[in-house]
Amino acid sequence: MILTRQSKTLLGASATLAFLGLFSRVLGVLRDRILASHFGASDILDVYYVSFNIPDFIFNLLVVGAVSSAFIPVFIEYQSESSKRKAQSVKHEINSEWLLANNFLNILVTIMAVTVGVLFIFTPWLINLIAPGFSPEKKELAVFFTRVMLFSPIIFSISVIIGSVLQVFHRFLAYALAPIMYNLGIIFGAIFLVPKFGPLGLAEGVVLGALLHLLIQLPALRGIGFAWKKVWDFGDAGMRKILKLMVPRTVGLAAVQVNWIILNALATTISAGSVAVLNFANNFQYLPISLVGISTAVASFPTLSREALEEDKTAFGERIDRTLRQILLIILPLSVLMIYLRTDLIRVVLGSGLFSPRDAGLTGNILGFFMIGVFAQSIIPFLARSFYAMQNTRAPVFASIAGVVANIFFAWYFFSSLKILALPLAFSLAGILNAIILLAFLKYNLRTISLKELGVYLLKLFYICTAMVLAMILADIFISFDLNFLGSLYQIITLSLIGVLTFGVFSNILKISESEFLIGVIKNAFKH
């Protein structure tokens, strides 16, 4: 069965995640286009996006921190111990890693269900807190939206744990298909449920998407040894270890989520549609972060966790250095392209129906400020997982909290003069600070990593990107583009080709050896 196929190499896993991630993001773009054309930058979409805040907060608080930083490393550790027992012909009734997985799953889902029940009751009070600029009518609608969407974290709790197990066994296909199914559920809600149930159909589509996210991964569990057991033991050594490891990461994630809630809350005080355009732009900036940064971090995490267990950390350090260079090689030119072509991108993708030219222009400007820090946001997931692989969660937490404090400060400092543009600028500056702190801690823990060499490499890439911009400016001067959909599309294609060609030429001149990595990814994509 295709869903049970195992990725044999890190490059193959990265390619699977990247290209299915690309398809998921294309669906995400289609989802945003449907929302923009049907509703515009309106009160309805403001409510829709604000209503994600509470479900996302508890999901990140209870699930993401535990799975990303604690469950996978401990599960791999237990799996390694089981393999040693088998090699020594020691009989065991059931592998300890599966007992751990079942115990963790049962406890987490129960806690999530109870938490959702409590938040369901207090939703009106919470909406007053996180949406101070909403009118009474918008707050009432936000309460309905949020209560429906609170069912999704319960479903995602099961789905994410299953997905993490699939990652360990390198069954990345089903894991990568899950976000696609999630987007399909939201699209179905916008097209078919809204006409029948009104705006609340958007929230119902989110819950449907969460359910599809779970169902697509279930068949991939076949043949790896997982079977659900009625296990509930808070005192289990493995569970205690997970709790110990997850607490710092959970604090960091909670801080980050609170930070985004604050940005949305500030946006509610500006004007109708401000929350919508902020989230549209955030979805665009998340595209390269997801395709490059998160895909690489997820694919490399099981390997990093195993290499971190070795006494000699040379291979571990070399993999971190090599992967960071590969991420930066892709993300920096992509960021430059998106900054230069930001307005045309928004006009082509979202500029239809009720989404006005003014909405497109504002979203493009917000996107430009977001893209300043995308290179940092793209390496943060991988840097954080490098620490998780060493079972060190304190450094990422400290960096996250420092980033949040900086984000809030910058948002406050620039808000009076830049208004909504202050929010993405603050987000970008805080992300750069976060990445710098993580790199400093990583150098302290792994002396083999040379930040000086990485800095020289980064300067070379900035130099090449400057050449890209100059080439695109010259082309823009001598080539005339119409100010319509086809003209914008022609401009995006033409200038992107010129920019990529310039980047390739100067990479060859400056002997950027990592450029061979791009060729390998492209070849592997066609192979898969």
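These remarks concern the structure in this document. Values in this document were obtained by computation on a predicted structure and should not be read as measured data.

Comments concerning the overall build of the protein
Helix and strand content of the protein: 19 helices and zero strands. Each principal axis of the C-alpha atoms in the protein carries an extent, and together these give about 75 × 60 × 45 Å. Counting only residues that meet the buried cut, the protein has 58% of its 528 residues in that class. Look at the contacts in the protein between residues 6 or more apart in sequence, and 84% of them connect residues 24 or more apart. In the form shown here, the protein has an accessible surface area of approximately 22,600 Å², with 68% of it arising from carbon and sulfur atoms. Taken as two groups, the 39 positive and 26 negative side-chain charges of the protein have centres that lie 4 Å from each other.

Re the nonpolar core
By size, the foremost hydrophobic cluster in this structure holds 165 residues, and its most contacted members are Leu35, Tyr48, Phe71, Phe104, Phe280 and Ile320. In this structure, Tyr48 is in contact with Leu35, Phe145, Met149, Ile186, Leu202 and Val206, ignoring residues within four places of it in sequence.

Considerations on the pattern of salt bridges
Charged atoms that come close allow side chains of opposite charge to pair. Following the criterion strictly, the structure yields eight salt bridges and no others. The partner of Glu307 in a salt bridge is Arg319, with the nearest N and O atoms 3.0 Å apart. One end of the pair, Glu307, is in helix α10 (residues 274-308); the other, Arg319, is in helix α11 (residues 314-340), and twelve residues separate them in sequence. This pair shows no difference in class: Glu307 is buried, exactly as Arg319 is.

Details of the packing of aromatic side chains
Applying the stated rule across the entire model yields 21 aromatic pairs. Considering the side-chain rings of Phe71 and Phe75, the 5.5 Å spacing of their centres and the 45 degrees angle between planes classify their relative orientation as tilted. With Phe71 and Phe75 both in helix α3 (residues 53-87), this residue pair falls four residues apart, about one helical turn. Residue Phe75 is classed as buried on the basis of its relative accessible area of 0%. Chaining the aromatic ring pairs together yields one cluster made of Tyr48, Tyr49, Phe52, Phe280 and Phe355. Its guanidinium or amino end placed over the ring of Phe120, Arg147 lies 4.9 Å from that ring's centre, counting from NZ or CZ. Note that Arg325 overlies the ring of Tyr457, its terminal NZ or CZ placed 4.9 Å from the centroid.

Points about the side chain of Thr363
Within the secondary structure, Thr363 sits in helix α13 (residues 357-371). Since its relative accessible area comes to 0%, Thr363 is described here as buried. Leave out the neighbours within four places in its chain, and Thr363 touches Val277, Phe280, Ala281, Ile346 and Phe355.

Remarks on the environment of Ser417
For Ser417, the location among the structural elements is in helix α15 (residues 394-418). With relative accessibility at 55%, the residue Ser417 sits in the exposed group. A polar atom in the side chain of Ser417 sits 3.2 Å from the backbone oxygen of Phe414.

Quick notes on the rules
Residues numbered from 1 in each chain as written. Predicted model: local features only at pLDDT ≥ 70, side-chain atom pairs only at ≥ 80, totals over all residues. Heavy atoms only, no water. Helix = DSSP H or I, 4+ residues; strand = E, 2+ residues; numbered from the N terminus. Buried < 20%, exposed > 50% of the residue type's maximum accessible area, 1.4 Å probe, protein only. Contact = heavy atoms within 4.5 Å. Areas by Shrake-Rupley, 256 points an atom, 1.4 Å probe, with all protein chains shown as cover. Lys, Arg positive; Asp, Glu negative; His and termini not counted. Charge placed at Lys NZ, Arg CZ, Asp CG, Glu CD. Core = buried A, V, L, I, M, F, W, Y, C linked by side-chain atoms within 4.5 Å. Salt bridge = Lys/Arg side-chain N within 4 Å of Asp/Glu carboxyl O. Phe/Tyr/Trp six-rings, centres within 6.5 Å; stacked < 30°, edge-to-face > 60°. Lys NZ or Arg CZ within 6 Å of the ring centre and 35° of its normal. Polar contact = N/O pair within 3.5 Å; in protein donor to acceptor, adjacent residues only side chain to side chain.

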